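Geometric and topological summary
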Amino acid sequence: MLYYVLKIVITTLLIVIISEVSKRNSMVGAILASVPLVTVLAMIWLYTDTKDVEKVSALSSGVFWLVLPSLALFVTLPIFLKLGWNFYLSLSTSIVVTIACYFIMIWILNYFGIKL
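Residues numbered from 1 in each chain as written. Predicted model: local features only at pLDDT ≥ 70, side-chain atom pairs only at ≥ 80, totals over all residues. Heavy atoms only, no water.

1. Topic: the overall build of the protein chain
For the record, the criterion: A run of H or I in DSSP counts as a helix once it spans at least four residues, and a run of E counts as a strand once it spans at least two, with each numbered from the N terminus. Any two residues having at least one pair of non-hydrogen atoms within 4.5 Å are treated as being in contact. His is not counted, nor are the chain ends, whereas Lys and Arg count as positive and Asp and Glu as negative. Lysine's charge is taken at NZ, arginine's at CZ, aspartate's at CG and glutamate's at CD.
Within the protein chain, the regular secondary structure consists of five helices and zero strands. Starting at the N terminus and ending at the C terminus, the protein chain contains elements arranged as α-α-α-α-α. Principal-axis analysis of the C-alpha atoms places the extent of the protein chain at approximately 50 × 50 × 15 Å. When contacts within the protein chain are restricted to residue pairs at least 6 apart in sequence, those whose partners lie at least 24 apart make up 60%. If the 7 positive side-chain charges of the protein chain are averaged to one point and the 4 negative ones to another, these points end up 10 Å apart.

So, in structure tokens, the structure goes:
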């Protein structure tokens, strides 16, 4: 039972953090919210808190562009696991690769004049 309460508390905190961060910086909010369920919940909270459709629109646009680099985790993790790497090493390396992909995507978007 404690496990489920902890999951609910962590999930709730994550949603609140994303909505609060999004009020200040839509790009960081987009990075945090690139998981679809969390994205929808974060958009609901953001709109509820601010009634600002522009902030919701900016968050949605940012999430759209940042979903692509987030896919790197789901590509690299199974590759590393199939190579026989330890789970935590595979996951950590996949996260590092994904973070690098975020920076590359942001650089590419900036290069083409797309601001998040």
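Now that the structure is up, let's keep going.
2. Looking at helix 4 (residues 53–82)
Turn by turn, an α-helix covers 3.6 residues, leaving residues three or four places apart pointing in a common direction. Defined as follows: Given a helix with a known number of residues, its expected span is that number minus one, times 1.5 Å. Here the bend at a residue is taken as the angle between two axes, fitted respectively to the seven residues that end there and the seven that start there. Relative accessibility thresholds used throughout: buried, under 20% of the residue-type maximum; exposed, over 50%; partly exposed, between the two (1.4 Å probe, protein chains only). Counting of polar contacts relies on pairs of N or O atoms within 3.5 Å, with two restrictions inside protein: one atom must be capable of donating a hydrogen and the other of accepting it, and residues adjacent in sequence are counted only when both atoms are side-chain atoms.
If you check helix 4, its first and last C-alpha atoms are 44 Å apart, about what 30 residues at 1.5 Å a residue would give, namely 44 Å. Along helix 4, the sharpest kink reaches roughly 40°, centred on Val67 and followed within four residues by the proline Pro69. Where helix 4 is concerned, the buried positions are Val56, Leu59, Gly62, Val63, Leu66, Pro69, Ser70, Ala72, Leu73, Thr76, Leu77 and Phe80. Capping the start of helix 4 is the job of one residue whose side-chain oxygen sits 2.9 Å from the backbone nitrogen of Glu54: Asp52. Phi turns positive one or two residues past the end of helix 4, at Gly84, with a value near 90°.

3. Brief notes about the confidence of the model for the protein chain
Cut-off, in case you're wondering: A score from 0 to 100, pLDDT tells how confident the predictor is in each residue.
Mean pLDDT for the protein chain: 90, with 97% of residues reaching 70 or above. Looking over the protein chain, one finds the lowest element-wise mean pLDDT in helix 3 (residues 36–50), namely 83, and the highest in helix 5 (residues 87–111), namely 97.

4. Comments concerning the nonpolar core
Where a protein is soluble and globular, its nonpolar side chains tend to be buried together. Operational definition: We define a nonpolar core as any set of buried Ala, Val, Leu, Ile, Met, Phe, Trp, Tyr and Cys residues linked to one another through side-chain atoms lying within 4.5 Å.
Counting residues in hydrophobic clusters, the biggest one holds 14 residues, and the most contacted among them are Ile18, Ala30, Ala33, Ala42, Leu59, Val63 and Leu66. Going through the elements one at a time, helix 3, helix 4 and helix 5 are the ones with two or more residues in this core. Setting aside anything within four residues of it in sequence, one finds Leu66 in contact with Met27, Ala30, Ile31, Ser34, Tyr102, Met105, Ile106 and Leu116.

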